[in-house]
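Fold and geometry: a report
Here is how the chains run, residue by residue.
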Amino acid sequence: MKKKQRNGAIPTAQGTTPTAEVNTAIPAMGLDVGTVNIAVSLPMDHARPLRRQANAFFTVPFNPAVKEILVRKQMGFIQRNEVLYMTGEAAETIARSFGRNTRRPIAGGLINPREQDGMLILEHMLKELLPPPGPGGTRVGFSIPGEPQGRNGAVVYHEAMIRMCLERMGYQAEPVNEGLAVILAELSSTDGSGIGISMGGGMCNICLAYIGIPVAAYSIQFGGDTIDAMSAQAIERPASRVKAVKERSLDLNRPPADPIETALQIYYADLFKRLCLSLEKQLNSCENISCLPESLPMVLSGGTVMVPGSLDAFRKALGEIRLPVGVSDVCLASDPLMATANGALKHLINQDAAS
């Protein structure tokens with residue numbers, strides 16, 4: 001009989017050993033544990049300051065020959081009992097070859113309760129991406145989502161589990177709101193004042209901040225995965241096929257070329273509409289908004305806005321609502337996939353400068 005793990009406990013497993021790095025006493029790092037990707041931002045003087053990999057895994061029965069190939073090709077994996085857990089890009093490559101989907105430690109922006117081994121996999125991937133902690137415990141600013149609308153307290157467990165994982169690895173873990181991190185990374189010219197929106201695979205995170213202080217922060221559990229799933233359901237096509245079209249050929253600036261693009265454009269418009277209506281409702285219910293300047297810049301980040309035409313489509317949806325504060329400009333982050341991690345690092349750097 002398989003022994004069950006207690007909640008929060010992480011079992012041991014054998015797997016690939018992360019490439020050894022020289023410990024250069026990195027003082028701080030920024031970490032974004034997203035539904036689709038894990039991103040790490042280090043000080044720019046480091047040899048590899050920006051790191052990212054898919055936050056996914058795929059399982060196959062243990063086979064010595066398969067294990068040998070994975071080791072030889074330096075593909076990430078864990079062996080536990082009679083199962084091989086392939087991780088990151090290796091998982092996505094193998095899953096595509098079998099015509100199946102990967103599994104994820106994070107779902108809807110939060111720890112996936114349906115994956116009992118999710119934290120085991122996540123810790124393994126973090127060990128591959130993060131340089132080893134310094135003697136005093138390197139500080140890691142890790143992003144956390146805003147409270148999902150209608151689900152107060154949903155972030156508490158997620159934050160605690162990520163913190164426990166990092167502290168077990170020897171780091172000093174400090175949470176940073178995801179939307180605020182985007183503001184800190186991209187709106188330095190306004191001293192951290194503006195609206196940051198991170199549109200990931202599992203959720204959209206929104207934060208309005210003034211001089212780096214959050215005034216309103218929340219999330220909605222709709223994102224790129226929602227677009228894929230709803231589009232696939234509407235036209236009865238595999239979600240993997242829909243996702244492939246979205247990533248390779250979708251352009252919201254031109255008419256759709258086929259039923260898949262038609263469905264994707266419909267659900268992109270629906271996501272932007274939901275997001276803007278939530279922003280209108282949330283900000284109009286916030287008493288402190290009237291004390292802010294007349295207008296603020298807005299920046300969009302995350303993999304969902306990397307589809308061409310996303311910025312114009314979002315601006316169109318934004319023009320159909322009324323906010324209690326003006327929006328002076330809407331722009332895309334300079335690096336949409338790294339903005340949150342970069343901002344989490346910036347948060348720690350700002351703290352050090354102020355102390």
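Residues numbered from 1 in each chain as written. Predicted model: local features only at pLDDT ≥ 70, side-chain atom pairs only at ≥ 80, totals over all residues. Heavy atoms only, no water.

1. A word on the overall build of the protein
Within the protein one finds ten helices and 16 strands. The C-alpha radius of gyration of the protein comes to 21 Å, within 12% of the 20 Å expected for a compact globule of 355 residues. Overall, the C-alpha framework of the protein stretches about 65 × 55 × 40 Å when taken along its three principal axes. By residue count, 50% of the 355 residues in the protein fall in the buried class. By sequence separation, contacts in the protein at least 24 residues apart represent 68% of the contacts at least 6 residues apart. Accessible surface, the protein: about 17000 Å² in total, of which carbon and sulfur atoms supply 51%. Where the 34 positive side-chain charges of the protein centre and where its 34 negative ones centre are 8 Å apart. (Helix = DSSP H or I, 4+ residues; strand = E, 2+ residues; numbered from the N terminus. Rg over C-alpha atoms; globule rule 2.2 N^0.38 Å. Buried < 20%, exposed > 50% of the residue type's maximum accessible area, 1.4 Å probe, protein only. Contact = heavy atoms within 4.5 Å. Areas by Shrake-Rupley, 256 points an atom, 1.4 Å probe, with all protein chains shown as cover. Lys, Arg positive; Asp, Glu negative; His and termini not counted. Charge placed at Lys NZ, Arg CZ, Asp CG, Glu CD.)

2. Remarks on the confidence of the model for the protein
Predicted confidence across the protein gives a mean pLDDT of 89, with 93% of residues reaching 70 or more. Here residues 1–13 is modelled with pLDDT under 50, and outside its nearest four sequence neighbours on either side it reaches 18 contacts, counting other chains as well. (pLDDT = per-residue confidence, 0-100.)

3. Remarks on the pairing of strand β12 (residues 194–199)
Within β12, six of the six residues are buried, which leaves the element mostly enclosed by the surrounding structure. Of the two faces of β12, the one carrying Gly 194, Gly 196 and Ser 198 and the one carrying Ile 195, Ile 197 and Met 199 are both buried. Strand direction decides the pairing type here: β12 and strand β13 (residues 204–210), joined by six bridges, are antiparallel. The residue bridging Ile 197 from the neighbouring strand is Ile 206, located in β13. Connecting β12 to the next strand, β13, in antiparallel fashion are four residues. As judged from the four bridges shared by β12 and strand β15 (residues 295–301), these two strands associate in the parallel manner. The partner of Ile 195 across the bridge, within β15, is Met 298. (Pairing = 2+ DSSP bridges.)

4. Thoughts on the packing of helix α7 (residues 239–248) against helix α8 (residues 259–284)
Where α7 contacts α8, the two axes come as close as 10 Å, and the packing angle between them is 80°. When the axis of α7 is compared with that of α8, the two are roughly perpendicular. Between α7 and α8, the residues in contact are Arg 241, Val 242, Val 245 and Lys 246 and Ile 260, Glu 261, Leu 264 and Tyr 268, respectively. (Axes fitted to C-alpha atoms, helices over the stretch in contact; angles between N-to-C directions. Parallel < 35°, antiparallel > 145°, perpendicular 65-115°, else oblique.)

5. Describing the sheet that holds strand β3 (residues 37–41)
Two strands in a sheet stick together by hydrogen bonds in their backbones, pointing the same way (parallel) or opposite ways (antiparallel). Judged by pairing direction, the sheet is mixed, and its five strands sit side by side in the order β4-β3-β2-β10-β11 without closing on themselves. If you trace the sheet from one side to the other, it starts and ends with β4 (50–54) and β11 (172–177), each paired once. Within this sheet the neighbouring strands show an average axis-to-axis angle of 20°, counted without direction. Sheet topology places strand β10 (residues 139–144) next to β11; six bridges connect them, and they run parallel. Residue Ser 143 lies in a different strand from β11, and its bridge partner there is Val 176. Together, β2 (28–33), β3 and β4 form the strand contacts of helix α3 (residues 118–129), whose direction differs from that of β4 by roughly 150°.

6. Things to note about the nonpolar core
Formed by 40 residues in total, the largest nonpolar core has its most connected members in Ile 197, Met 199, Met 298, Leu 300, Phe 314 and Leu 318. Sorting the residues of this core by element identifies β12, β13, β14 (213–220), α6 (224–235), α7, α8, β15 and α9 (310–318) as the ones contributing at least two each. For this core, the element with the most residues is α8, which contributes nine residues. Leu 318 has contacts with Cys 276, Leu 279, Met 298, Leu 323, Val 327 and Val 330, leaving out every residue within four places of it along the chain. Core analysis: the next-biggest nonpolar cluster, separate from the first, contains 34 residues, Leu 120, Leu 129, Ile 144 and Leu 166 among them. (Core = buried A, V, L, I, M, F, W, Y, C linked by side-chain atoms within 4.5 Å.)

7. As for unusual backbone geometry
With a phi close to 45°, Ile 211 is a non-glycine residue in the positive phi region. Here Ile 211 shows up in the loop between β13 and β14. Positive phi, close to 55°, is recorded for Glu 236, a residue that is not glycine. The residue Glu 236 is located in the loop between α6 and α7 in this model.

8. Comments concerning the pattern of salt bridges
For the structure on display, the rule yields 15 salt bridges. A salt bridge links Arg 139 to Glu 174; the nearest nitrogen and oxygen atoms lie 2.8 Å apart. Of this pair, Arg 139 sits in strand β10 while Glu 174 is found in strand β11, placing the two residues 35 residues apart along the sequence. Between Glu 247 and Lys 243 there is a salt bridge, with its nearest N and O atoms 4.0 Å apart. (Salt bridge = Lys/Arg side-chain N within 4 Å of Asp/Glu carboxyl O.)

9. Concerning the packing of aromatic side chains
A complete count under the given rule lists four aromatic pairs for this structure. The rings of Tyr 268, Phe 272 and Phe 314 are connected pair by pair, giving a single aromatic cluster. (Phe/Tyr/Trp six-rings, centres within 6.5 Å; stacked < 30°, edge-to-face > 60°.)

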